[in-house]
Amino acid sequence: MIDGSFNFVGFSTKKQTEDEVTLSFDKGFIHFSNYLLQSKNFIVSFLARKKDNNYFEEVFNKERLGEKYSFSSSLSLLRNNLFRDRAACQGFIFIVYDEELNEISIVRDTFGTVPLYYCCSRAGFSFSTDAEYLLRQSEFRATSQKNINRIANYLTPRSDSWPCQHDSFYTNINSVLPGHFVHYSQGEILSEPFVSFQPQKWEHISNLEEYGEEFRHIFKESVFNNIRHHDNVSSHLSGGLDSSSVSSMIHYLLPELKFNTLYADTNTDLTNESHYAKKVANFINSNHYAVHPSTNELDLLIKNTSLYGFPEHMALTPSLQTELIIKASKLGSSILMTGTDGDSVVGHGYHYLDQLFDEKRWADLKLAISERASVSSGLSTTKNWNYFTKSQKERLLFLHLFYPRISHARSVQQALEVVNIAKSEFGIPYHELLRKGLNGIQNRFKYFDLLPESIQSSQLIAQTVSTPRTTERTALMKTLPEVYSLPIKEVYFNQGMAGNEENFYLARDNNIELGNPFYDTKLYELSMSVPASMKYNHGRSRGHLREAMKGILIDDVRNRSDKGIFNEYAKNAAHRLYSSSKDFLSDTSEVWNYVDKAKFKQCVKLFESDLHPLYVHNRTTFFINRTIYLSIWLNQQI
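As the structure is a computational prediction, the values presented were derived from the model and not from experiment. (Residues numbered from 1 in each chain as written. Predicted model: local features only at pLDDT ≥ 70, side-chain atom pairs only at ≥ 80, totals over all residues. Heavy atoms only, no water.)

A. Broad picture of the overall build of the protein. Summing up its helical and strand segments, the protein has 27 helices and 19 strands in all. Here the protein holds 638 residues, and the buried ones make up 56% of them. Counted over contacts in the protein with a minimum sequence separation of 6, partners at least 24 positions apart contribute 71%. Carbon and sulfur atoms form 48% of the exposed surface of the protein, whose accessible area is close to 28100 Å². (Helix = DSSP H or I, 4+ residues; strand = E, 2+ residues; numbered from the N terminus. Buried < 20%, exposed > 50% of the residue type's maximum accessible area, 1.4 Å probe, protein only. Contact = heavy atoms within 4.5 Å. Areas by Shrake-Rupley, 256 points an atom, 1.4 Å probe, with all protein chains shown as cover.)

This is the structure:
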């Protein structure tokens, strides 16, 4: 934990114990927990300027202790990108205190791997890695209320893909956005981006081989920087491209290192990638373990929610990640390496199809669809994909490309233009698109009264204040061209950042660090710059990562195009959770102040049947899980 409280009367003393370091002020303090003090990868910098000085001095970070920086204010220091090189790492918190101007700034790491909350009142300014810590302070507890808007968003389907928000589940506590700093001065709060991405510096690269070579160089450096101070290393190994790349790179860098690889065995057919994981483990000669996620999801949720201080956000229950962390800790590892967010940082390149459509490059679009039909494992919403002929797969991919453009067209004329292109350029007859459209309309009508669009109670709806969806993540775009908006969107979203915070709390509870080597600023910038056609990689996707791992990752995994599908596991876990959570869904539960009980029961009725389309199952699972997660959190607030 890091926390602090300020009334700005002056920096004075430093005290260290076995459990923490405390930097004291006349009417304020900062203290750092043992977990962070012992961290080998985490960077904490505290710079202070005393009265009558014209420089800021590092007073905490051992490697830079005593270094001085001449700036007129903390804002000018932070806007100078002084810490850009240090900001390239995955975990850091920078604190800048200016006694001369009576100001403080706190900076959160680029990818939000460490939570950082703050609140201010007449008593001053406080911050912490734990919102619950702030809530326990009497001056904030008295005025704190549950954040109705945040609860409403939490219960809204697709809200997880919204831009990450600064507000928390408490009205007077906010989050520093990833890659941002918050500056407090004279009772006023200013939030600005701290990092600035520079993908343009890679524009000189002209082919996939060069991108792969550069990616390999940066990825090697990122993996090494994560593990170099650790003697006992564990690495998640699912058999997928991301985790397999991480584990294989560890072996490539340190072939003599005997480390552990952990495979989460869910005991469901569609998620079974154990044969791929075993092939990689055999090749890199790791100590390989199968980890079986707990089937007691409720107990895990109760414990984990108490660690987070907010409701669970994961689409799947937390059993998978929790058990992997616990296993790595029990093996004596000081770090668990993961492939977290490799998909988002690297990028798939499937937007190449949209690019070709928008540019009216019909011949290239036909070829790209044909390539994807040849290698793709299929669409997760399509049954029996692997039994289709290549031409059937192509037709299905075309329908998935065209139909959304028709159904979301801004006018009838625009919709007809798409229909005519589908017919004239790709030979898709009108009746086929019409049939798909009618099926969609029929399903919507069929489930109109059965499947709720929302399960919010009338009481919650009445209390919710309508506000525009924030676009603060676009501030990270700064002067970047619009072409880079998709990579920003794919990384900086609600569920992704909430997941990072949850992983931080789980790792801390088990006294282990998490290594996320895909969270590297240079790696992200490079991936931003890769043209869509090269990422698409003839339908295989993620071309520059596959190129980079040649000779390091076995080809059976490097070239695989299929992925584990977790629908069955998610369904089974949700059934177990619902069956064991009746105490949290009693008639007197506080959750019914926020959730409409009748709509919830209707969702349960649909959920318990296997006769409905996948989207119905996904929606009902979302509503049921979120209701239970919310109820657990509410119960802990009493």
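B. Representation of the pairing of strand β10 (residues 117-121) within the structure. In this structure, β10 lies alongside strand β11 (residues 124-128), joined through five bridges in antiparallel fashion. Following the sheet pairing, Ser-121 is matched in β11 by Gly-124. Across two bridges, the pairing between β10 and strand β12 (residues 174-175) is antiparallel. Note that in β12 the partner of Tyr-117 across the bridge is Ser-175. (Pairing = 2+ DSSP bridges.)

C. Quick peek at the sheet that holds strand β14 (residues 188-193). As summarised here, the arrangement of the seven strands in space is β7-β6-β5-β8-β9-β13-β14, forming an open sheet in which the pairing is mixed. Of all the strands in the sheet, just β7 (68-69) and β14 have a single pairing partner and so form its edges. Strand direction decides the pairing type here: strand β9 (residues 103-108) and strand β13 (residues 180-185), joined by five bridges, are antiparallel. From the neighbouring strand, Ser-105 faces β13, where its bridge partner is His-183.

D. Structural context of the pattern of salt bridges. Counted according to the given criterion, the structure contains 26 salt bridges. The closest approach of N and O atoms between Asp-358 and Arg-405, which form a salt bridge, is 3.9 Å. With Asp-358 in helix α13 (residues 351-358) and Arg-405 in helix α15 (residues 390-407), the pair connects residues that are 47 residues apart, well separated along the chain. In this structure, the salt-bridge partner of Arg-619 is Glu-453, at a minimum N-O distance of 3.9 Å. With Arg-619 in helix α27 (residues 614-637) and Glu-453 in the loop between α17 (430-446) and α18 (458-463), this pair connects stretches of sequence that are 166 residues apart. (Salt bridge = Lys/Arg side-chain N within 4 Å of Asp/Glu carboxyl O.)

E. Layout of the sheet that holds strand β19 (residues 513-515). Reading across from one edge, β17-β16-β15-β18-β19 is the order of the five strands in this open sheet, with parallel pairing throughout. The open sheet has two edge strands with one neighbour each: β17 (287-291) and β19. Averaged over neighbouring strand pairs, the angle between their axes works out to 25° when direction is ignored. Direction of pairing for strand β16 (residues 260-264) relative to β17: parallel, over a ladder of five bridges. Opposite Tyr-263, over in β17, you have Ala-290 as the bridge partner. Against the sheet, helix α8 (residues 241-253) contacts β15 (233-236), β16 and β18 (335-337), and its axis sits at roughly 150° relative to β15. (Axes fitted to C-alpha atoms, helices over the stretch in contact; angles between N-to-C directions.)

F. Highlighting α13. For α13, the full list of buried residues reads Tyr-352, Leu-353, Leu-356 and Phe-357. Angular distribution of buried residues about the axis of α13 spans 140°; they occupy a single face of the element. For α13, the secondary structure elements touched by its buried residues are α14 (362-375), α15, α16 (412-426) and α22 (532-536). Where α13 terminates, the next one or two residues include Lys-360, which has phi positive at roughly 60°. (Arc of directions from axis to C-beta.)

G. Seen up close, unusual backbone geometry. Despite not being glycine, Asp-52 shows a phi value in the positive range, around 70°. Here Asp-52 lies in the loop between β5 (43-49) and β6 (56-58). Owing to a relative accessible area of 73%, Asp-52 belongs among the exposed residues under this scheme.

H. Main features of the side chain of Glu-103. Tracing the backbone shows Glu-103 in strand β9. Buried and without a salt bridge, Glu-103 has Arg-49 as its closest oppositely charged side chain, separated by 6.7 Å. Within the structure, Glu-103 has its side chain in polar contact with the side chain of His-183 (distance 3.4 Å). Side-chain polar atoms of Glu-103 contact the side chain of Ser-185, separated by 3.0 Å. (Lys, Arg positive; Asp, Glu negative; His and termini not counted. Polar contact = N/O pair within 3.5 Å; in protein donor to acceptor, adjacent residues only side chain to side chain.)

I. The environment of Cys-120, seen in detail. Of note, Cys-120 is situated in strand β10. Linking Cys-120 and Tyr-184, residues 64 residues apart in sequence, is a C-alpha distance of 8.7 Å.

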